[in-house]
Amino acid sequence: MISTLNRYFSRELALTFIAVSAVLLVVIVSKSFVSLLARVMEGKLPPDAVLSILGLGILESSVLLAPFALFVTVILVLGRFYRDSEIYAVQASGIGLLRLFRHASWFVVPVVAALCYASLFSMPELAQQMEQVKLEAKERASVLGLLPGQFVEVKHGDWVVFVEDTDRKSGSAKNIFIYDEREDKVAIETARIVRQANVPELGGKSLILNQGQRYEGLPGEGGFTVMSFEQHAVRIPELDIATDRLDSEFMTFMDLIRAGRPVDHAELQWRLSIPVAAILLALLAFPLSVVRPRQGRFAKLGLAIVIYLVYSNLLILAEVWVADSKLSVVPGMFVIHAALAAVILAFLLKQRLTT
């Protein structure tokens, strides 16, 4: 049966968790939204792709931020209990730190279970959808919007294009260079004015070149053909918008278990680290939330954030080392988890000795 303390504690944790997660997501989403808008203004991203990328980014960020949000939640709730002296009434009822964690588990366990499922099974699907949306957006984006002042490669460098400047009002560009290689045959085209149009005869999106020249031949051999033209249409090759199934980020949980590459082991351990980190951080929050009545609920929040930053950065570093075979797969990233577990044990022993 759920006791009154269970309901009260779980309600406080749930409300605080929602508030903390919302604040963290607003910060992350706001930064991403500004970055996406900047890409839209530069013509590097179609406007209709912003909401899709932003929505998938929110889901992905929710999973990655959940351990930290849970960590801060437990610290804030228990910190308030200590500040308002509610914790002493709980302790007077014979409920110690261990039993208090059991009460908190009514909320923590479902959150960790959801994180475990999301990190192991939902994350690769989200990553695939995100990559697919980005590739499709890149394919749909105006080539003229992608080009000003930079070389853009398509089809692994077989098609390279560069324009010096663009005029968005007229939808045209100036001084274009196109390198096109097909079956060892190279064609180079230059033109003073270019605009983008849909030419059904060529199969779709094309560039209309005006006042230019075309050079065609075989590299290393003489006899290049040079042609001048007043107007000429060039088909824009379609991008390969299929995601790489061999990329460990897109592989399923079972595929990662069967795979043998170090990068696959690193990805698997990273996904497992998300729920493991949530459990360890929730445990660490209990000794860190112990404060004197006049200290306030935020007394040890600074120390908690420092510990989290060190822990999370070490996990990222360990993942890179496992992927690069600089750190053995066993124990791999779990060395960092074991170190944090030792820190938690030290805090609990210190608290027990001082109480």
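In this text, all values refer to a predicted model and were calculated from it rather than measured experimentally.

Brief notes about the pattern of salt bridges
Taken as a whole, this structure holds 6 salt bridges when the rule is applied. Between Glu216 and Lys185 there is a salt bridge, and its shortest N-O distance comes to 2.9 Å. Placement of Glu216 in strand E5 (residues 204-217) and of Lys185 in strand E4 (residues 185-199) is noted, with a sequence separation of 31 residues between them. Using a relative accessible area of 18% as the deciding quantity, one classes Glu216 as buried. According to the relative accessible area criterion, Lys185 is partly exposed, its value standing at 40%.

Focus: the side chain of Glu216
At 2.9 Å, the side chain of Glu216 forms a polar contact with the side chain of Lys185. A polar contact is formed between the side chain of Glu216 and the side chain of Arg214, at a distance of 3.2 Å.

Section: the packing of aromatic side chains
Counting across every chain of the model gives 4 aromatic pairs. Ring centres of Phe68 and Tyr308 lie 4.5 Å apart, and the angle between their planes is 35°; this geometry places the pair in the tilted category. Of the two residues, Phe68 is situated in helix H2 (residues 50-83) and Tyr308 in helix H8 (residues 301-323); the sequence distance between them amounts to 240 residues. Of the two residues, Phe68 and Tyr308, neither departs from the other in class, the shared state being buried. Between the aromatic rings of Phe121 and Phe253, the centroid separation amounts to 5.7 Å while the plane-to-plane angle is 70°, which identifies the pairing as edge-to-face. With a gap of 132 residues between them, Phe121 in helix H4 (residues 97-140) and Phe253 in helix H6 (residues 253-258) connect regions that are remote in the sequence. For Phe121, a relative accessible area of 39% corresponds to the partly exposed category.

What counts, and at which threshold
- What you see as residue numbers is a count from 1 along each chain, following the sequence as written.
- Given that this is a predicted model, residues contribute local features only at a pLDDT of at least 70 and side-chain atom pairs are listed and counted only at 80 or more, while totals for whole chains, interfaces and linings are drawn from all residues.
- Excluding hydrogens and water, the side-chain figures rest on all heavy atoms present in the structure.
- Take a side-chain nitrogen of Lys or Arg and a carboxyl oxygen of Asp or Glu: if they are within 4 Å of each other, that pair is a salt bridge.
- Numbering goes from the N terminus for both helices and strands, where a helix is a DSSP run of H or I of at least four residues and a strand is a run of E of at least two.
- Each residue is placed in one exposure class: buried if its accessible area under a 1.4 Å probe, protein chains only, is under 20% of its type's maximum, exposed if it is over 50%, and partly exposed if it falls in between.
- For this analysis, a polar contact is any N or O atom pair within 3.5 Å, provided that within protein one partner can donate a hydrogen and the other can accept it, and provided that sequence-adjacent residues contribute only side-chain to side-chain pairs.
- For Phe, Tyr and Trp, where Trp contributes only its six-membered ring, two rings pair if their centres lie within 6.5 Å, and the inter-plane angle classes them as stacked under 30 degrees, edge-to-face over 60, or tilted in between.

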